[in-house]
Amino acid sequence: MKIAIVGLGYVGLPLSLQFAKSGVEVLGLDIDPAKVSSLTRGKSYIKHIRSEDIKLQLAAGRFSASADFGSVRKVDAVIICVPTPLNKNREPDTSYIIKTGEAIAPHLHKGMLVVLESTTYPGTTDEDLRRVLESGSGLKAGRDFHLAFSPEREDPGNPDSKVAVIPKVVGGYTAACLDRAVGLYRMAIRTIVPVSSCRAAEATKLLENIFRGVNIALVNELKVVYGAMGIDVWEVINAAKTKPFGFMPFYPGPGLGGHCIPIDPFYLTWKAREYGQSTRFIELAGEVNTAMPEYVVHRVTEALNARRKPANGSRVLALGLAYKADVDDLRESPTFRLLDLLKGRGADVAYYDPYIPIIGPTREHAEWKGVKSVRWDRRTIGSFDVTLISTAHKCVNYRELAQWSAVIVDTRNAMAAIKTKPGQVWKA
């Protein structure tokens, strides 16, 4: 069997390699020629994916990369793993899905399977994508070709997370579509969870991420409330999680990041309005999480004021640019917002991230392209008035940070076990 996977990013590339390891011939498609070139040379551009794994599948003839969407005519199935961001008005942007559908539609043939994995609102697969595919191919979904949705489940930065062992939810446009999609994923994934429709599968992914977003908002709000009371929310969470039932720990931070939690809830709130439904709970959680960068910057200002320094003219180092610890993923990173807010207050800002030596092109932060990480040494780190820990990479030496930095604003509880001076660390 030969399949094509469109979008060779943090979802599409590991999925491609898993199918290839399982004996499926995989054609990886991407509109970015730099990614195609890198993969053709067997070089990975994602930290947790080894170049050796790519080279192994290339040598075995089970994986290849291309920008030629016409090659779709040679495959039995297409899996779409493209971005679904929000536009400037925080409304769903499904243009990547639609454009991909338009690109592959002329090359569809009878019996082919098309699966969407990109997170989106219920109805995208069986309405929007289906119309584009049918219009461009002259074929009918459910009769001439199969159509399904299966949400991606990636946990970057977790060394125990393996594509093959994460259960796969699958929903089909028809019963036959579901059977075909289940058969495809069983070739590479151990556990398949069939659901009744594409919409049920789309809604499942939204629930997973809304659940996280709402609970993170709760602890973020408690962080502010308990902080005003002189109570450390991290101590409270660690104590509460000793309860063996009825509690699941979530942790506060400087704001939401990544391709899921800051975005996915708004896909549902937008679609719910079409049905005359309000999503007040979800929107309130979004407001709380969106306000966190302002709160963190306020704490930075307080920390500087305690040393008789204004934010204007102070040198501030953001420690960690990736949205999550131990990854090199910049998508929706709250650190960009923190840097923008501090810069707007007149601060001289910089960042250190061992996984991101230089900021590449991003969809929403073009002005930071080309900015380089500072060096990790006593002289450089000590030259800043305050260090703001926004992402707590495990490889960072926090004992050295305590020795070198005069003031540390900690949003991740990274300094909890480190010996520091009185008044040196400010929780945020």
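Residues numbered from 1 in each chain as written. Predicted model: local features only at pLDDT ≥ 70, side-chain atom pairs only at ≥ 80, totals over all residues. Heavy atoms only, no water.

Asks: I tried to follow the overall build of the chain on my own but got confused; where do I start?
Replies: Assigned secondary structure in the chain consists of 14 helices and 13 strands. Against the compact-globule benchmark of 22 Å for 428 residues, the chain has a radius of gyration of 23 Å, which places it among compact chains. Each principal axis of the C-alpha distribution contributes one length, and for the chain these read about 70 × 50 × 40 Å. Out of the 428 residues in the chain, the part that is buried amounts to 53%. Looking at the chain alone, contacts between residues at least 24 apart form 68% of all its contacts between residues at least 6 apart. As presented, the chain carries roughly 19,300 Å² of accessible surface, and 53% of it is formed by carbon and sulfur atoms. (Helix = DSSP H or I, 4+ residues; strand = E, 2+ residues; numbered from the N terminus. Rg over C-alpha atoms; globule rule 2.2 N^0.38 Å. Buried < 20%, exposed > 50% of the residue type's maximum accessible area, 1.4 Å probe, protein only. Contact = heavy atoms within 4.5 Å. Areas by Shrake-Rupley, 256 points an atom, 1.4 Å probe, with all protein chains shown as cover.)

Asks: Before we go on, may I ask you to explain the packing of aromatic side chains in this structure?
Replies: Geometrically, a pair of aromatic rings is defined through the distance of the ring centres and the angle of the planes. Within this structure, the stated rule accounts for 7 aromatic pairs. Judged by centre distance (5.5 Å) and plane angle (70°), the rings of phenylalanine 211 and phenylalanine 250 are edge-to-face. Taken together, the residues span a long stretch of sequence, with phenylalanine 211 in helix α7 (residues 198-228) and phenylalanine 250 in the loop between α8 (233-240) and α9 (264-274) at a distance of 39 residues. With relative accessibility at 40%, the residue phenylalanine 211 sits in the partly exposed group. Judged by relative accessible area, which is 12%, phenylalanine 250 ranks as buried. In this structure, lysine 168 is placed above the aromatic ring of tyrosine 185, and the distance from its NZ or CZ to the ring centre is 4.7 Å. Directly above the ring of tryptophan 368 sits lysine 343, whose terminal nitrogen or CZ lies 5.3 Å from the centroid. (Phe/Tyr/Trp six-rings, centres within 6.5 Å; stacked < 30°, edge-to-face > 60°. Lys NZ or Arg CZ within 6 Å of the ring centre and 35° of its normal.)

Asks: What am I meant to see in the nonpolar core here?
Replies: Nonpolar side chains in soluble globular proteins generally cluster together in the buried interior. With 34 residues, the main nonpolar core has Ile3, Phe19 and Ile79 as its most contacted residues. Put simply, the parts of the chain that give this core at least two residues each are β1 (2-6), α1 (12-21), α2 (33-40), β3 (63-66), β4 (77-80), β5 (113-116) and α6 (175-185). Phenylalanine 19 has contacts with Ile3, Ile5, Val24, Val26, Ile79, Leu184, Tyr185 and Ala188, leaving out every residue within four places of it along the chain. By size, the runner-up hydrophobic cluster in this structure holds 29 residues, among which are Val296, Ala318, Ala347 and Val386. (Core = buried A, V, L, I, M, F, W, Y, C linked by side-chain atoms within 4.5 Å.)

Asks: Is there a simple way to think about the sheet that holds strand β10 (residues 348-352) in this case?
Replies: Paired through backbone hydrogen bonds, the strands of a sheet run either parallel or antiparallel to each other. One open sheet holds the 5 strands; their spatial order is β10-β9-β11-β12-β13, and the pairing between them is parallel. Every other strand in the sheet has two partners, leaving β10 and β13 (425-427) as the edge strands with one partner each. The sheet shows a mean angle of 25° between the axes of neighbouring strands, direction not considered. Across 3 bridges, the pairing between strand β11 (residues 386-389) and strand β12 (residues 408-410) is parallel. (Pairing = 2+ DSSP bridges. Axes fitted to C-alpha atoms, helices over the stretch in contact; angles between N-to-C directions.)

Asks: Sorry, what's going on with the pattern of salt bridges here?
Replies: Pairing is possible between side chains of opposite charge, provided their charged atoms come close. All chains considered together, the criterion is met by 21 salt bridges. Of the charged contacts, one joins aspartate 144 and arginine 143 as a salt bridge, the two residues approaching to 2.9 Å between their closest N and O atoms. With relative accessibility at 10%, the residue aspartate 144 sits in the buried group. Salt bridges sharing common partners tie together Asp126, Glu127, Arg199, Lys271 and Glu274. (Salt bridge = Lys/Arg side-chain N within 4 Å of Asp/Glu carboxyl O.)

Asks: Honestly, α8 in this entry has me stumped. Any pointers?
Replies: Since there are 3.6 residues in each turn of an α-helix, residues three or four apart along the chain are aligned in direction. Of all the positions in α8, only Val233, Trp234 and Ile237 are classed as buried. Projected down its long axis, α8 shows its buried positions confined to an angular sector of 100°, all on one face. Summarising the contacts, the buried residues of α8 are in contact with α7 and β13. (Arc of directions from axis to C-beta.)

Asks: In this structure, what is going on with the pairing of β10? I would like to understand it.
Replies: Regular strands place side chains that alternate from one sheet face to the opposite one. Taking burial as the measure, the 5 residues of β10 include 4 buried ones, the bulk of the element. Once the chain exits strand β9 (residues 315-319) it traverses helix α12 (residues 334-344) before rejoining the sheet at β10, and the crossover so formed is right-handed. (Right-handed = clockwise from strand over helix to strand, strands pointing away.)

Asks: How do you make sense of the packing of helix α11 (residues 292-305) against α12 when you look at a structure like this?
Replies: Packing of α11 against α12 leaves a shortest axis separation of 10 Å and a crossing angle of 50°. With respect to α12, the axis of α11 lies oblique. Judged by the sense of rotation from one axis to the other, the crossing of α11 with α12 is right-handed. Here Pro293, Glu294, Val296, Val297 and Val300 of α11 lie close against α12, whose contacting residues are Arg337, Leu338, Leu341 and Leu342. Counted by class, the contact of α11 with α12 contains 7 nonpolar, no polar and 2 charged residues. (Parallel < 35°, antiparallel > 145°, perpendicular 65-115°, else oblique. Left-handed = near helix turned anticlockwise from the far one by under 90°. Nonpolar A, V, L, I, M, F, W, Y, C, P; charged D, E, K, R; others polar.)

Asks: Quick question: what am I supposed to make of the side chain of serine 66 here?
Replies: Tracing the chain through its elements places serine 66 in strand β3. Residue serine 66 is classed as buried on the basis of its relative accessible area, which comes to 16%.

Asks: Which parts of the structure should I look at to understand a nonpolar patch on the surface?
Replies: On the surface, a nonpolar cluster with roughly 310 Å² of combined accessible area is contributed by Val225, Met229, Ile231 and Val236. Structurally, the position occupied by valine 236 is in helix α8. (Patch = residues over 30% accessible without salt bridge, like charges linked within 9 Å, V, L, I, M, F, W, Y side chains within 5 Å.)

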